[in-house]
Amino acid sequence: MHLPSVIVVGGGAMGSSAARELARSGHAVTVLEQHDRLHHHGSSHGTSRIMRFVYDDPFYVRLAVEARPLWDELQLTTDLELLRITGGVDHGPRRLLEPFAAALDEVGLSYEWLLPGEAARRWPGMRFDEAVLFQPDAGVTHPDNTMVALQRDAESHGAQWHTQTRVVRIEETPDGVTVAAADRVFTADQVVLTTGVWTSLLATLPVEAATQVQPAHFVAIEPGSAWPTFIHRRADGSGRPIPEAYGLPSPEGVKVGFHGGGKPVDPDDRDFAVVAQELEDLRAYATDWLPGVDPASLDAGTCLYGGLAEDDFLIDRSGRVTVAIGFSGHGFKFVPLVGRMVAGLVAGTARPEPRFTISAHRPTV
């Protein structure tokens, strides 16, 4: 049986995962990455991302459950730590948390309601809002280690990596695909686009413009103290929801950020400068809600978001082109699953998830 050869454009987390799955299945795989490995220009770098199951949509709860054992499979290929279980906390007004509890109930995942005082005794580094929902299976993934593990395993199964290779054109032909870089042309039977915020340069798809967000790390006052991952689902004085705050333990301290905000940027021409007011807002948040960190120790970083308007992913195939984009903000926990989904589409052994198809997103364009 002939297995199609595949070019993967974009060697970030999703591209590396797709390359690994395809190579392990016996496909000839070539990965084209415009930057170096483990670069900091996109959305796949760093030492920490939240692994959580708490969504207000049972669809994503089930998807996270499906992804979880694939992390264990990947861990078997490396001595690097990929996932550390910490438990996860969502807190805020009870009415904002009830839909998340209902989704967990529908899927059958365990959780626990805590009073703010109970939660503070477990995690004295935090102050808690009106209601607290604890889910014990959450944790922290390590993006850089994950990238190394995916790429090593992919290459051990024959995948070839070309860094500093920026793709400028993709063409379907009767016999396959032609992918042109600045000084070289590659050919294969099929192509996979995992190009994140750069997708609009190669294809007309409903991906949002790049936004630079800026989480920060704070030094914990008590080194070695226990921290869960957390999402603070907040409301203003009139009860209207406002952007969520999130946090998690990381090798650099306690990472804290706001979901949303940031500034629009050109991913090819940005200065990595942070928005001063957002840093002040993060420092104020830490002062008010995180007594276990030193607010003066704030160390800001940047990351690119380029998701879809409704926060669903786009994983679909059209002809010889498979695309997997739109993961910024909550996609990293699904990395090994996305690779498997992409490989299934390439091989023709799987149908696209209806919510992730191109047609499902067209109304938002």
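Residues numbered from 1 in each chain as written. Predicted model: local features only at pLDDT ≥ 70, side-chain atom pairs only at ≥ 80, totals over all residues. Heavy atoms only, no water.

Trainee: Mind laying out unusual backbone geometry, listing which residues take part and the relevant values?
Mentor: Of note in this structure, L38 is not a glycine but carries a positive phi near 55 degrees. Topologically, L38 is positioned in the loop between β2 (29–32) and β3 (49–51). We classify L38 as partly exposed; its relative accessible area is 39%. The backbone phi angle of Q164 is positive, close to 50 degrees, even though this residue is not glycine. Relative to the assigned elements, Q164 resides in the loop between β9 (160–162) and β10 (167–173). (Helix = DSSP H or I, 4+ residues; strand = E, 2+ residues; numbered from the N terminus. Buried < 20%, exposed > 50% of the residue type's maximum accessible area, 1.4 Å probe, protein only.)

Trainee: Provide a residue-level description of the packing of aromatic side chains, including the pertinent values.
Mentor: If you walk through the whole model with that rule in mind, you get 16 aromatic pairs. Ring centres of Y60 and F334 lie 6.1 Å apart, and the angle between their planes is 50 degrees; this geometry places the pair in the tilted category. With Y60 in helix α2 (residues 58–75) and F334 in the loop between β23 (321–325) and α7 (335–347), the pair connects residues that are 274 residues apart, well separated along the chain. Of the two residues, Y60 and F334, neither departs from the other in class, the shared state being buried. Ring plane angle 25 degrees and centroid distance 6.4 Å describe the contact between Y285 and W289, whose orientation is recorded as stacked. Highlighted residues: Y285 and W289, both in helix α6 (residues 276–289), separated by four residues, approximately one helical turn. (Phe/Tyr/Trp six-rings, centres within 6.5 Å; stacked < 30°, edge-to-face > 60°.)

It is worth stressing that arrangement in space is one thing and function is another; only the former is reported here.
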